[in-house]
Each structure stands twice: as C-alpha cells, then as structure tokens.
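Single-letter residue listing:
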Amino acid sequence: MEDPLKPKPVPLAAETVLWFEFLLDPHKITQHLQCKNPEPSAVELIMQFISMTPDTAIASTVVTPGSDLQNITGASVGANATTPAASAALSVPPMARQAEIGLQLTRKQLALKILELKVATWLRWDLDVLEKSLPVVMQLGLLRDLCTISYGRAVSIPFASDFDFRISPSGNERAARFALTIYHRTLLRLQLIKDSALKAVRPLLFQTVDQLQQFLETPTQPSIEYLEQLCLSAGSKPFHVFHYDSFVTLQCDNLSTAQNYDMMHLITPHELRAQLQFELAHYYLHTKQYLLARESAAACNNNLQSLPPGATLYFCHIRSTELEGLLQACGISAQQKTLLERFHQSLLNNYSDIVSILRLDNRAREIPLVSRRNVELDIEGAISTGLLKETRQLLLQVAALNVVRTVFEWGNIFGSVEYFEKYRDLDYMPPIVEAMQDAVPHCSQREQAALKHFIIDCILYQQQQQQQEQCRQLLLTAREMGIFSNEELLDLDEQLVQASLPVLSNSLATLSDWICHSKLTRVDVAALERQLITCTNANSVRILLVKLCGTAPGKPLWAINSSWDVPQPLKTLIMAMPVSFLQDFSYVLLGKARELATRGNYIDAVSMLSVLKSETQRQELGGSAQIMCKLITWEILHIQITQCLEEWHQKPLDLTALGGRCKQCLGALQAGDSMIPRMDILESCAIMLLNLTDFPPLLYLDKRSQLMELPLAFAATFTEMEKMKGPKKACRDAWELMLSMFLNVPKRATSTGAGSGASSSLQTFLQRVRHQSVFGLAISMLGKMHNILKDDPNHDLSCEYMQLWPTSITNPNSYSLRSVSETLQWLLSEALSHYPQTISWLKMKGDLELAIGNNESAMRCYVNALVTGTDYCTMPLQRNVADDYMIRKMIRCAANLGCHTQATVLCQFLEEIDYGIVFKNLSEKSSNFTDAMDAYYTCIWDTTLLEFIVNLHLKRGEHSRKLEAISMMGTLELNANNNEEIKRESAMVRKSRFIRALAKQYLL
C-alpha cells in the first residue's frame, strides 16, 4: 500500500520541454525559442546542453553507419565515457595525432554542441546576457565549443602562446575569425569580474578552478592588439557573424555533419568598431588608462552615430544608458551636468562655485540635505584649520542657504536659532534674506506657507533677543515678498506688540521657583516633610524636626513616612517614651538608618545611629536610655557586618575588631542576660565568625533558633576536620541537617508553606557565606548528595572534601534531586562570583551542566577552567588541570553540540589518543557553523590524525582542504625525526592556539 505521508513528485508544466527532446526532433528547437516565454529559457537550454556534453577523447576508429560513434571529418571514433558535469565545460580533450586534425566528437556530443551554439546565435551572441545568466565556467565552455566547431578541430581554452591557427576542412575561415573575436572579447570582459568569478566557482573538481584561474591570468595585451587591429582593418576586410541557420542540427537519417557557413551576416565596419571600442573603453577604465578610455569611448560614440537610424544590428548590443554612463565616466558626455554632479565636482575643485550651486538647488531641491549639511561642516573645519583660504563670509552664505533649504524639506528641524546664535558676531541677516528672496518665485503654495511660518518665527525670535534692527529688516522683507496678506501683516504687528510686553519671572511652572515662599502653612509643611524624607544627615533631621514641631502637626512626626521601619525591641522602647522630641528623633533616625542600609548607603546609616547613640548616653534619660544604647550598638554591628559581607574583597573594616565585637554580642546570649540581641543579629554574628574561620566561640552556643543551626553545624565540622589527620568521616550533623532540607514535601504541605522554610533558610545562609573553605564544604556536601541521588557514574561530580561524607542515603527516593541540582548550580555560580579562578569549582560546574543537559554551558565552564589553569594561555597545560576524565567530558559536549572537529582536536589532549573516537568524529558532518574543519588544522600536532584527514578529503574530492592538510604535515616542527623537546613545544603551541579559539567562541 502506498504511504500517504510520502511526498509525491511535482508534475512538470504542460509547456515544459526536456532537453533530450531537441535531440530527437531537431526542428523543435526553433519552435521552442519562438514561444513568448519558453520553459526552459534560452540561457537555461545552453546550461543544460553544456552540462550534458561528455568531452572524452575517442580511441578506436570503428564506425557504424547511423550509430552514435560516427567518425566526423577524419576524426577517430571510439568508446564514449559519459562523465556528466558542469565541470566538463573546462575539461580539455587530449590532442589528436599530428597526422589527424578533426573534431574527435561522437554524434551525440556534436549534436549537443550545435544546439547550444544555435541557441547562443538566437541570442545574437549578446555577451552581456550570457555574462549575467551563465556561470563563468559555462561561459568558457560555450567559448571552447564555438572555437572547436569554427576551427573544425579540438581547441583548448585558453589558447597557448604557440597556438596553431590552422583550420581543418570541416571548419571555416569566417567562422574562425568570429570565434577568435569572441574569445578576445571574453578575455577582456572577464578581467573586470576576475575576483568575483573565482569566488563564485563551485569546485566539483579542482581542475575546473585551475583552468579558470589559468584563463583569467592569460596576458591581455595580445587581445587588445588583436581587437585594435580588427578595428583598423574593418573597412578593408569584411566581417561576418553567425546566422541562426548557419548551424545545421544533426538528423538521425542523415550522416552529414557539415555546417552552412555560407549563411552568415555581413556587418558594417561601423557596427564592428562601435562594439569593440565600447569594450576596450571599459577595459581601459578598469585598468585606469583614462586617456585611452576617452579615445575609445569617443570612437564608439562616433561609430554609433554613423549607423543609419533603424538599422538591424547583429553584433552591436550597446544600450544607450550604458553608453551615456561610459561617456560621463570619461568626461566627454554631451548632456548637461545635473546639480548633484556639479555639486560633487565643486567638492573636488576646492568648493568653487558652491554658493551658486546651492542657490539653484534651493529651487530644484536635488542635492540631499545631509550632503549640504556635511559640506557646511567641512567648510567650517577647513577654514578653522587653514586648509581653505577663504573668509567666513563663504561659510555664512552656505549656512544661510542650508537654513532656507531646511524650511522646504523638513520644516524648522535644524532651526534658525542655531544659525543666529552661531553667526551673531557677523552680519547674518542679508545672506538669509537674499536666499529667501531668490527661492520665493519657485515655491508652491504649500512651500510658501512653510516659508511664512519660518519668517514669523525668525521675527519673533529677533524681537525676543532685542535685535530691533534685524527684526525691522525681516519685517520689510516679508512685506516685499508678497506672500503675506494684509490681515496676516496686521496680525504679525500685533504679535510683535504682545512680544514686547514684560514677562513675569516668578511663575509656579518654572523649575527654579518650584519651592515657592507661600504664606500658606500647608505648602510650607509639605516642603519640610519632603526634605525630611530625602535628607541623609542627622543634623538636618534635627533641624527639620524642630521646624516641623513649630507648625503644630496634627500627627506624630515619626508617622510622616510609612517606609520607616524600626526593629521591634527598639520600637517598644521608643513607643514607651513620653511624647517628646527625643521620641520623634529616635524613631526617624532608626527608620532612616534602616532604609539607607537597605539601599547600600552603610556609611550614612552608621553615622545616623552613632548620633542617636550619643544622644541616648545623657544621664538625665535614666536606665531605659542605657538599654536603648546597647540595642543601638548591636544595630550598628549588624549594619557593619552586612557592609563587610557585601564588600568582602575590599575589606572596608578592621576584621579583627569586628570579630571581637561579634564574640561580645554572642557572649550576651551565652551568659543568659535578660537583654539579648535579635536573632537576625545573632545569626549575622555567627556567620561573620564562620567566614573569619573563628570556630571555637560558636561551639558552645545553644541552638535556640533554626537560623543558628547551620553556622554552628559548619563550625563543628571544621573543628573535627582540624582534629582528624586522615580520611575519616566528619561530623554528620551538618550532613544530616543539609540533607533534611531536600526532603520531598507532599503537595498539601507545600501549599501551606511547610516545605519552603527550610530551603529559604539554607539559601539565606549560603548567600552570606564568603570564605573559600566554607563554600568548598557546602559544595562538597551538595555534590555528594547529587552523586548518590543521581546514581549515574557517567555524571559523577568531584571536588575537595567529597571523601568526608557518607556514600549512601537511606531511602533516597524521599529526597528531591532537582532541588539539590538547582541549589548546587546556584551555589557554584555564587562561589565563582567571589572566587572566579577556582579551577575545581569550574570543572564541577561544567560536570553539573553536562549532567543537566546544558552542553554549551558545560563547555563554557571547561574552557574557562583551561584558560584559568594556563594563566590565560601563557603557561603549559598541566595534567592536574585537564585530566582525561575532564577531556572526555569536553569531547562529549563538543559532539553533542555538533562540533565534531573540536571533539577531534580535543582527543589529542588525552594521555593516549583514542583513534576510535577520532575517526568517528571525523566521519560525522558538522552541524555547527563555528566548526569549520579546515579552521582547526593549525591546532593539530598528531601526524596520524593529519594523514587520516588527508585521506578523508581525498575520498570526498575536497582538493583545497586536502592541500591545506598536507601543508600542515609538511611543517618543520611536526617532523617525526624531531627530538622530544621540539615535539612538546609544538604540541604546547597548538594547545594554546586551540584553547584561545575555544575561549573566543564560548567566553566572548
């Protein structure tokens, strides 16, 4: 049964004709070409005929009448090797024996060549059409076939320096002359597109590129001399071109292969000279021989003018627009130059006549406004640097003309203000008035309206600037232009009167008067409250509170801003105070200090609390003030601990003194005082001592809160690690505590928030870890949990301290592997943000990313480890940085990303190269655009690998890549006879080069 999902071939259109139908019915080619839109087109037919023409020499002389191996005009006949290819267009048949000069073609080959030449004749051998539509290789194939048929013998392209111009009996002198002319024309035309022609070739066989390059490197002087000589002898020696019926298609019932060379068009000498001179002029322009180009262009134009009007041209295909462009390029065009051309010519001639050109452009508006503005700036720069010996009057005139042009194009986009301000030291009004008067007669109604608005704006601006003389001059110009009505002029006079009235400067809308001195109490109070909310200085707070107290506020001053949050113990003490200035002052300073600390402004926050502390130390306040002073001291300590953790590597404070204050704070808890710090402060002190590796004070604390469990468990673990002198198991408290935070919580418990508390407390603790050893201990625990829960040896993680933890977990299904992976991934990123050059963490993060399936992120971590381990590729790569375990994981990442060449090069980093992996990766096709095979040849130092690559390219027919690989093998440092030191040095250089390439791809 037919598969309904299998794609079905698209049927051809009814009018589509296949190429082999023209072999079966030779008369069908004419009918097809006479169609309005033939399918395939004429150029497509030529491409098909060339690609289907096998050009293989014939070895035997056996002739069967009517068969495909019919001997043609003395040519030998033999086996036919049907090698299809577009590359056959340049393949050269072997030379015949000296005694035999013939075509050496089978009837099929000859029939296809005649058909392709017949179609090219239908196009009248228009090389422009053929050049645009045919690949360069097929153009040369068509040229070779033309020369072969015209000379009646096998001809190779390009002609050799000792080319034999003899014509066989099956050829023709007139046809050979035409073919030789096309050959030299093509040789000159391809020089103009030489670079793009070589890039456009698809090298199916390397011979194609070599022969094309050989043709393009052929000397052009013989071709120039031939074409010039042909132009001189055109009057005395007639020139013929092919007629469509000159080529006779082969018939299956007729063995004749003769062509009808008598039916060739005789063209006039003027037509011949016009086409040849046109192409010579183009070549001279390309080679910068401008005098010869001008002479050839003039001769081409004269010969075209000599042709009778309406004459049918068989050889000349010059378009009038192309001829005009050539004449303009040579500077001999009879057409009048446009304003844009005159503008560019003026730039080349040191801005000569630029003012008149811009004045005319204000009428025609042909030059882009951007170009005019650039010229204005260029003139200004040239005058200021002394490169242009002109006065500033020229710059003033250009700027005035540009201002007027701006009005017509964009409206007042640049504005006249820039002009008036820039040139206020000069007499700037006459140039702009003159420019407007010159442009007004050529303006439409819409443009006159724009000009009127522009004049009104200018008049009002001058009035505002107290420029009475310029204002009167503009108003007089407006009356003389005749574009204003009497009503508009009266209205303009009224506007001038209104503009002359004084303007009040104390408007509420102006920014400078925003804080107004009003007598309204509400406005004053609001202004003071706004200042109180924004100020960051304790003395300013004191002054503002005193002012606000004098306004008899209706609510407590500490309630002005609801964002002021005070810790509960202090809030209880403050609220117990009598209503007084100290109550408001204490609450505001505490609230603002906490707000500033949240925003990261720790210095101002500590300053405010210090002022409040000194305020509460006065004796008249009694015992409650002493308690409050102690609480404020702990709040200052909390802010300083936060500052120290945020700016850990900058070390903003004395860590020794800070550690001593943390011990004192924790001592209040241990001594059992009635007044103890908040749990947040106690936790911060414990974490600070943990980061300072001061563990003994933490061992004797009571675990009164869940927040204190983790710091105390970590401290106990480090203490036991110091006592152990061997690979013994450490204290299990930290392990069990961490493990309990990853229990799978039922959905019902999750909805009530029971499962989020443990994970949030863990993350809050880990966010404030700063010491490298504490990071390492936490990472090792999470890594061990991941290995046990994952239970996949291929994705095991390894790092320091991993051997301290148990090797199994009871009931592992009760724990969440996903939560462990996400927490470990976040913790590694956090740790690397503080210690970015820790190689073991980079490798572990790469292993974790690979286990998750993020191959590119894993590769980025591995490459970062290599770059760090080699000190940014300045030191040799050591085995402790990149061992075989890591390299194999990198190979796996590269293969998963489709970068099989990178995986191949990485195999060299192994202690012993695994050629099985190498050959497997090389046989795969890279699916990543960054993994070009030949881009990494300079990073390969294993000669066996290079030999396999050469063999692989040979099988694939990739000649240029094979040559590149061979050249790499031939370098001196890869010689097998070198000593070990040279081999190590070459391997190290190539390793560094490859690591840099990986870093450029994955890290930049």
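Caption draft 1: Representation of the packing of helix α39 (residues 855-869) against helix α40 (residues 884-896) in the model. Closest axis-to-axis distance for the α39/α40 pair is 9 Å, and the angle between their directions is 140°. In terms of orientation, α39 lies oblique with respect to α40. Here α39 runs over α40; the crossing is left-handed. In contact with Asn855, Ala858, Met859, Tyr862, Val863, Ala865 and Leu866 of α39, α40 contributes Met886, Lys889, Met890, Cys893, Ala894 and Asn896. Looking at the contact of α39 with α40 residue by residue, the class counts come to 10 nonpolar, 2 polar and 1 charged.

Caption draft 2: View of the nonpolar core. Ranked by internal contacts, the top residues of the largest apolar core, which has 155 residues, are Leu532, Val541, Leu698, Phe714, Leu777, Ile779 and Met890. Once residues lying within four places of it in the same chain are set aside, the contact partners of methionine 890 are Met859, Tyr862, Val863, Leu866, Leu906 and Leu998. One finds Leu112, Leu127, Phe159 and Leu326 within the second-largest nonpolar core, a separate group that totals 81 residues.

Caption draft 3: Geometry of the environment of histidine 282. With respect to the helices and strands, the residue histidine 282 is situated in helix α11 (residues 269-286). Histidine 282 sits in the partly exposed class, given a relative accessible area of 30%. For the pair histidine 282 and arginine 294, spaced 12 residues apart in sequence, the C-alpha to C-alpha distance is 9.9 Å. For histidine 282, the contacting residues outside a window of four places in its chain are Leu192 and Leu326.

Caption draft 4: Structural context of the packing of aromatic side chains. The full count for this structure, using the stated rule, is 24 aromatic pairs. Ring geometry for phenylalanine 178 and phenylalanine 242: centres 5.2 Å apart, planes at 90°, overall edge-to-face. Pair noted here: phenylalanine 178 is in helix α7 (residues 173-192) and phenylalanine 242 is in strand β1 (residues 239-242), with a separation of 64 residues, a long-range link. A relative accessible area of 5% places phenylalanine 242 in the buried class. In this structure, lysine 118 packs its charged tip against the face of tyrosine 244, placed 4.1 Å from the ring centre. When the ring centre of phenylalanine 408 is taken as origin, the NZ or CZ atom of arginine 365, which lies over that ring, is 4.2 Å away.

Caption draft 5: Geometry of α40. Here α40 is 13 residues long and its end C-alpha atoms lie 18 Å apart, about the 18 Å a rise of 1.5 Å per residue gives. Residues of α40 that are buried: Met886, Ile887, Lys889, Met890, Ile891, Cys893 and Ala894. Turning to α40, the residues buried within the fold contact α38 (839-852), α39, α41 (900-906), α42 (915-923) and α45 (980-1002). Two residues or fewer after α40 comes glycine 898, characterised by a positive phi angle close to 85°.

Caption draft 6: Spatial organisation of the pattern of salt bridges. Scanning the model with the defined rule gives 32 salt bridges in all. Taking the shortest distance from any N to any O, the salt bridge between arginine 678 and aspartate 680 comes out at 3.4 Å. Take arginine 678: its relative accessible area is 15%, and that puts it in the buried class. Classification of aspartate 680 by relative accessible area gives partly exposed; the value is 37%. By sharing partners, the salt bridges in this structure join Asp126, Asp128, Glu131, Arg185, Arg189, Glu279 and Arg319 into a single network.

Caption draft 7: Quick look at the packing of α7 against α11. At their nearest, the axes of α7 and α11 sit 9 Å apart, and the two run at 30° to each other. In terms of axis orientation, α7 runs roughly parallel to α11. Relative to α11, the crossing made by α7 is left-handed. Here Thr181, Arg185, Leu188, Arg189, Gln191 and Leu192 of α7 come into contact with α11, specifically with Gln275, Leu276, Glu279, Leu280, His282, Tyr283 and His286. For the contact of α7 with α11, the residue count by class is 5 nonpolar, 5 polar and 3 charged.

Caption draft 8: Molecular detail of the environment of alanine 274. Structurally, the position occupied by alanine 274 is in helix α11. On the basis of relative accessible area, alanine 274 is assigned to the buried category, the value being 0%. For alanine 274 and asparagine 301, which are 27 residues apart along the polypeptide, the C-alpha to C-alpha distance reads 7.1 Å.

Caption draft 9: Inspection of the environment of proline 556 at higher detail. Turning to its location among the elements, proline 556 is positioned in the loop between α24 (538-549) and α25 (568-576). The class of proline 556 is partly exposed, set by a relative accessible area of 40%. Residues proline 556 and serine 580 lie 24 residues apart in sequence; the distance between their C-alpha atoms is 9.8 Å.

Caption draft 10: Broad picture of the side chain of glutamine 191. Turning to its location among the elements, glutamine 191 is positioned in helix α7. Those residues within four positions of glutamine 191 in sequence are excluded, and the remaining contacts are Leu216, Thr218, Thr220, Tyr283 and His286.

Caption draft 11: Fine view of the side chain of histidine 953. If you trace the backbone, histidine 953 turns up in helix α43 (residues 943-956). For histidine 953, the contacting residues outside a window of four places in its chain are Met933, Tyr937, Glu958, Arg961 and Lys962.

So, how was this worked out
Residues numbered from 1 in each chain as written. Predicted model: local features only at pLDDT ≥ 70, side-chain atom pairs only at ≥ 80, totals over all residues. Heavy atoms only, no water. Axes fitted to C-alpha atoms, helices over the stretch in contact; angles between N-to-C directions. Helix = DSSP H or I, 4+ residues; strand = E, 2+ residues; numbered from the N terminus. Parallel < 35°, antiparallel > 145°, perpendicular 65-115°, else oblique. Left-handed = near helix turned anticlockwise from the far one by under 90°. Contact = heavy atoms within 4.5 Å. Nonpolar A, V, L, I, M, F, W, Y, C, P; charged D, E, K, R; others polar. Core = buried A, V, L, I, M, F, W, Y, C linked by side-chain atoms within 4.5 Å. Buried < 20%, exposed > 50% of the residue type's maximum accessible area, 1.4 Å probe, protein only. Phe/Tyr/Trp six-rings, centres within 6.5 Å; stacked < 30°, edge-to-face > 60°. Lys NZ or Arg CZ within 6 Å of the ring centre and 35° of its normal. Expected span 1.5 Å × (residues − 1). Salt bridge = Lys/Arg side-chain N within 4 Å of Asp/Glu carboxyl O.

These results come straight from atomic positions and should not be treated as a statement about function.
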